Amino acid sequence: MSGAVATPLMQQYREIKARHQSAILFFRMGDFYEMFYEDAETAARVLGLTLTARNNGGATEVPLAGVPVKAGPEYLRRLVQQGYRVAICEQVEDPKLAKGIVRREVVETISPGVAFADDLLDGARNNFVVAAGPIYNGTIGIAAADVSTGEFRLTVMPLAEIDTVLARFAPREIVVPKGADTLPRSPALDGVLVTEREAWEFDESMARDDVARHFDVRGLDGLGLGAEDGQAIAVAGALLRYLKEMQPSGVPQLARPTIERAGGTMPLDEMTRRNLELVESLRGVDTTGTLLAVLDRTMTPMGTRLLRQWLLAPLVDRQRIDLRLDAVNALVTDASARDALRSALDGVRDVERLGSKAAAGRATPRELAALGTSLGRLPDVEAAATRLNGAGVAGRLMQQWDSCAEMASAVRATLVERPPLQLGDDATIASGVDAELDELRQLRDGGKDAIAAIQNEERARTGIPSLKVGFNRVFGYFIEVTNANRELVPADYQRRQTLTGAERYVTPALKEYEEKVLTASERIETRERLLFETLRASIGREIARVQCSARIVAELDVLSALADVAAREGYARPTLTDGFDLEIVSGRHPVVERMMPRDKFIPNDVKLIADARLIILTGPNMAGKSTILRQVGLIVLMAQVGSFVPATSATIGVCDRLFTRVGASDNLVRGQSTFMVEMAETSAILHTATARSLVLLDEIGRGTSTYDGVSIAWAVSEHLHDRVGCKTIFATHYHELVQLAEELVAVRNYNVGVREVGDQILFLHRLQPGGADRSYGIEVGKLAGLPAPVIARARTVLALLEGEAEHLVPALAPAVAGAKRPRPSQVPPDQLALFAPAARHVVVDRLIAADVNNLTPLAALQLLAELAEQAKR
């Protein structure tokens, strides 16, 4: 920004820009937001604006781009969605009253993680900004805030588990100390705006004072924060400081922080969330084909967001799970109560976000009316929820119930039935609320009667029967007299306009009336604004009550949605235990079964107990091994969320962790091959799983050579069986692994059945004891349409290779006596086997063994004759 001496305007711009260097500055100039220098160049490139230059009265020109104020929100949305931070600089004094340059200030800064506008938010998910503090003894503090809902959460966790928490919060922005290598590379941070702050802002002692001051408490004990929460407090203080800088008017909507303790929920790593398709499909970020899409029958935006949170944080406390299940069971059993509750919830708007807007002074008349209408429905919600008779968690919720009745009444009594989008667009305050406002409206709206009265008075005074009183936007009110009656015009008439055949006049009395009428509209808008802001502020002061009611409504909504799904889909209540065993009878995949007729999905039983805790699952391609793995994982997860499950019955020992390794993927951005990703994920499982974990593995080791792959799969199975001792299902095409059942006491073999009909195969999708002897890969290739010559050649090559597998199993399990071996292939004697060394001819063996140095000439001739004869055979 160097150059000639700046004009006062540009000097003001530079001073403001210096305080917001990381943001694009929308600088208000009349009816436009102007951007200069690098901001203008960025905006022109991103928004497709025309880049111009202006000297602004100075000697040098500067790059300039601008957008109309009325179109500002749309351009703002586009910038923020592409990861930019935008500072809104408004004129904060009337240009008519300004002495010199109009005073301007940044009223707010908007970023992907700090936003209120509906078009920047997704109603189905939170919009968190997360602060991550310095690492201490292998742990890190995390603070997460959603300014649109007021949620504020704190936690301290091992650094190795940060991915599980970041993925749960799915932040749009993360705040870290400047220059600190705080965070590991995590998929949860892909595309996330990273904001660096000074390291001193993460100081714990300063943060304690900031947090206590913001929440108006003497000590942090009142917030449930103790000495062991120092790292969480430090990042909470840093995040609060950042939010107040972004929102100069403050963030009164932030609720008191919730501290999340270790062990309360099940951490879910990236591969498990991805493989089970909990909230995002493997095909992209949409929810189609996900567990969330199946279970989401919520009626409110708050409920939708809470359901997503529950799915990403299953409980590990059996008593808490049972409390949820008790409430769901009551709603499943009493269909009338369920329908009544869902009907009452229908029409409740996003109370969390509307309440936050009211507290932040941002709610428009229409939004405040929507909040009032939603609060007005709470008595119906209460009446329906009371019919549950305090079942399970519903009892605790109703003990905290607050219908906010007086707030709903105040909104209903103050605002018109259909308020405008913005103040000033139309009437906002209802008639009868304020006497002064009613008088002003009478003055403005009673104009016709007043004009008729003035016209009659002037006709009587002047004796001009054709005299008319009129109004136009250019000259205001006037008295029109035809030229024929011009002689009768009184002396106090002042000529205003000459027309063909008439003259227009004004009088002092008419001017006075005009002044009252013209200022009435302005005074009405001012009065309405005062009354509306007073109402909004009164609601905002009760934000804690509004948020409490919103949270209860959200939880009731989720419980009723889970009950509705269970009743419609034929789910059963699972039995949760503190033991080890997992037994599922007629289990189904909740997503897959929705994609086909109900009677077409084949249910399966699965049983894992201490003495049979590892299943080696074999079977052909397309038989359904991966589906069975996923359905077991989803049933366990649904149960620990507090949902009924797609099964006839299910007894589930509560799991502390759930791991899935299903399918192949690579990460080229990080320079990791498919096999490297597979090994890294397997390593994470082996290092993290405990005896209470459930591990679901599919095709470990297939990304490398066959021998290496079988060896790794074998060793992984032994480790999980002997050292970890957890419940495991291992799906594989390595049929050699079935020998583990003869080596390890708790291994059982199962396969997914098929039936051969001629040269065709029929997939039964039925889980049955025993190992499979074939993978039917060539048959699947045939079904996929591979050319006939390819299929034929594949069968020939398979015949050559089958016999060579016999070398592998003895090396892995030398102690197995009488183990079944793959039969040797019948290879033609004149053809060498692929990938195996050819057997040496006997002639070669005799030549190698011959001692040529000691052979006599006669012995050499005799040996040569014998070798020639043998070579002919």
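The rules behind the values
- Residues numbered from 1 in each chain as written.
- Predicted model: local features only at pLDDT ≥ 70, side-chain atom pairs only at ≥ 80, totals over all residues.
- Heavy atoms only, no water.
- Helix = DSSP H or I, 4+ residues; strand = E, 2+ residues; numbered from the N terminus.
- Rg over C-alpha atoms; globule rule 2.2 N^0.38 Å.
- Buried < 20%, exposed > 50% of the residue type's maximum accessible area, 1.4 Å probe, protein only.
- Contact = heavy atoms within 4.5 Å.
- Areas by Shrake-Rupley, 256 points an atom, 1.4 Å probe, with all protein chains shown as cover.
- Phe/Tyr/Trp six-rings, centres within 6.5 Å; stacked < 30°, edge-to-face > 60°.
- Salt bridge = Lys/Arg side-chain N within 4 Å of Asp/Glu carboxyl O.
- Pairing = 2+ DSSP bridges.
- Axes fitted to C-alpha atoms, helices over the stretch in contact; angles between N-to-C directions.
- Parallel < 35°, antiparallel > 145°, perpendicular 65-115°, else oblique.
- Left-handed = near helix turned anticlockwise from the far one by under 90°.
- Nonpolar A, V, L, I, M, F, W, Y, C, P; charged D, E, K, R; others polar.
- Expected span 1.5 Å × (residues − 1).
- Patch = residues over 30% accessible without salt bridge, like charges linked within 9 Å, V, L, I, M, F, W, Y side chains within 5 Å.
- Lys, Arg positive; Asp, Glu negative; His and termini not counted.
- Charge placed at Lys NZ, Arg CZ, Asp CG, Glu CD.
- Disulfide = S-S within 2.5 Å.

Chemist: How do you make sense of the overall build of the chain when you look at a structure like this?
Modeler: Scanning the chain from terminus to terminus reveals 29 helices and 26 strands. Against the 2.2 N^0.38 benchmark of 29 Å for 873 residues, the chain shows a C-alpha radius of gyration of 39 Å, more extended than a compact globule. Sorting the 873 residues of the chain into buried and exposed places 50% on the buried side. For the chain, long-range pairs separated by at least 24 residues make up 68% of all intrachain contacts whose partners lie at least 6 apart in sequence. As presented, the chain carries roughly 41000 Å² of accessible surface, and 52% of it is formed by carbon and sulfur atoms.

Chemist: Help me out: how do you make sense of unusual backbone geometry in this one?
Modeler: Comment: phi is negative for the bulk of residues other than glycine, and the bulk of peptide bonds are trans. The residue Ala170 is not glycine, and still its phi comes out positive at about 45°. Tracing the chain through its elements places Ala170 in the loop between helix H4 (162-169) and strand S10 (173-177). Residue class for Ala170 comes out partly exposed when judged on its relative accessible area of 23%. Non-glycine residue Cys404 carries a positive phi angle of around 55°. The class for Cys404 is buried, based on a relative accessible area of 0%.

Chemist: Any chance you could explain the packing of aromatic side chains here in plain terms?
Modeler: Any aromatic ring pair is given by two values, namely how distant the centres are and how the planes are angled relative to each other. The final tally for this structure, using the stated rule, is ten aromatic pairs. The interplanar angle of 65° and the centroid separation of 5.1 Å between the aromatic rings of Phe128 and Phe169 together place this pair among those described as edge-to-face. With a gap of 41 residues between them, Phe128 in the loop between strand S6 (104-110) and strand S7 (129-136) and Phe169 in helix H4 connect regions that are remote in the sequence. Each member of the pair, Phe128 as well as Phe169, carries the same accessibility label: buried. Judged by centre distance (4.7 Å) and plane angle (50°), the rings of Phe471 and Tyr477 are tilted. Taking relative accessible area as the criterion, Tyr477 reaches 11% and is therefore assigned buried.

Chemist: What exactly am I supposed to notice about the pattern of salt bridges here?
Modeler: A side chain of one charge can pair with a side chain of the opposite charge when the charged atoms of the two come close. Tallying each qualifying case throughout the model produces 51 salt bridges. For Lys17, the salt bridge identified is with Asp39, shortest N-O distance 2.9 Å. Of this pair, Lys17 sits in helix H1 (residues 8-18) while Asp39 is found in helix H2 (residues 37-47), placing the two residues 22 residues apart along the sequence. Under the relative-accessibility criterion, Asp39 is labelled buried at 8%. Arg568 is paired through a salt bridge with Asp564; the nearest N and O atoms lie 2.9 Å apart.

Chemist: Could you clarify how one ought to interpret the sheet that holds strand S12 (residues 258-260) in this entry?
Modeler: Strand pairing in a sheet relies on backbone hydrogen bonds. The paired strands run either parallel or antiparallel. The mixed open sheet is built from six strands, whose spatial order is S11-S10-S7-S8-S9-S12. Lying at the two open borders of the sheet, with one neighbouring strand each, are strand S11 (193-197) and S12. Sheet twist, expressed as the mean angle between neighbouring strand axes with direction ignored, is 20°. As paired strands, strand S9 (residues 151-158) and S12 are joined by three bridges and run parallel to one another. Note that in S12 the partner of Leu154 across the bridge is Ile259. Sitting on the sheet, helix H6 (residues 230-246) touches S7, strand S8 (139-146), S9, S10, S11 and S12, and the angle it makes with S8 is about 35°.

Chemist: Looking at this model, I keep getting lost on the packing of helix H11 (residues 335-345) against helix H20 (residues 543-569). Mind explaining?
Modeler: Packed helices, taken two at a time, are described by the angle their axes make and the gap between the axes. One can describe the packing of H11 onto H20 by two numbers: an axis separation of 10 Å at closest approach and a directional angle of 130°. Relative to H20, H11 is oriented oblique. Note on packing geometry: the crossing formed by H11 with H20 is left-handed. Together, Arg338, Leu341, Arg342 and Leu345 of H11 and Val553, Leu556, Asp557, Ser560, Ala561, Ala563, Asp564 and Ala567 of H20 make up the contact between the two elements. Taken together, the residues of the contact of H11 with H20 break down into seven nonpolar, one polar and four charged.

Chemist: Hey, could you run me through the sheet that holds strand S25 (residues 747-757) in this one?
Modeler: The strand order S22-S23-S24-S20-S25-S26 describes an open sheet built from six strands, whose pairing is mixed. Edge strands, defined here as strands with exactly one partner in the open sheet, are strand S22 (658-661) and strand S26 (760-769). Taking each pair of neighbouring strands and ignoring which way they run, the sheet shows an average axis angle of 15°. Bridge count between strand S23 (residues 694-698) and strand S24 (residues 727-731): five bridges; the pairing is parallel. Bridging from a neighbouring strand, Val695 pairs with Thr728 of S24. Sheet strands in contact with helix H22 (residues 674-688) are S22 and S23, and its direction is about 160° off that of S22. In this fold helix H23 (residues 706-724) packs onto strand S20 (614-618), S23, S24 and S25, with an angle of close to 150° to the strand it touches most, S20.

Chemist: Hey, could you run me through H20 in this one?
Modeler: Its 27 residues place the ends of H20 38 Å apart at the C-alpha level, agreeing with the 39 Å of an ideal helix rising 1.5 Å per residue. In terms of burial, H20 is a largely internal element, 21 of the 27 residues being buried. Following H20 by one or two positions, Gly570 adopts a phi angle in the positive range, close to 75°.

Chemist: Explanation requested: a negative patch on the surface in the structure shown.
Modeler: Taken together, Asp581, Glu583, Asp605 and Asp611 make up a surface patch of like negative charges. Structurally, the position occupied by Asp605 is in strand S19 (residues 604-608).

Chemist: Help me out: how do you make sense of the state of the cysteines in this one?
Modeler: Joining two cysteines, a disulfide is a covalent bond between their sulfur atoms. Following the criterion strictly, the structure yields zero disulfides and no others. Unpaired in this structure, Cys548 has its nearest cysteine sulfur neighbour in Cys404, at a distance of 8.1 Å. The cysteine Cys726 is free of any disulfide, with Cys655 supplying the nearest cysteine sulfur at 9.4 Å. Judged by its relative accessible area of 1%, Cys726 falls in the buried class.

Chemist: Looking at this structure, how should I read the packing of helix H10 (residues 318-333) against H20?
Modeler: Across the interface, H10 lies against H20 with an axial gap of 8 Å and an inter-helix angle of 55°. As summarised for this structure, H10 and H20 are arranged oblique, according to the angle between their axes. The element H10 and its partner H20 pack so that their crossing is right-handed. Along its contact with H10, which presents Arg324, Ala327, Val328, Leu331 and Val332, the element H20 presents Leu559, Ser560, Leu562, Ala563 and Ala566. A breakdown of the residues in the contact of H10 with H20 according to their chemical character gives eight nonpolar, one polar and one charged.

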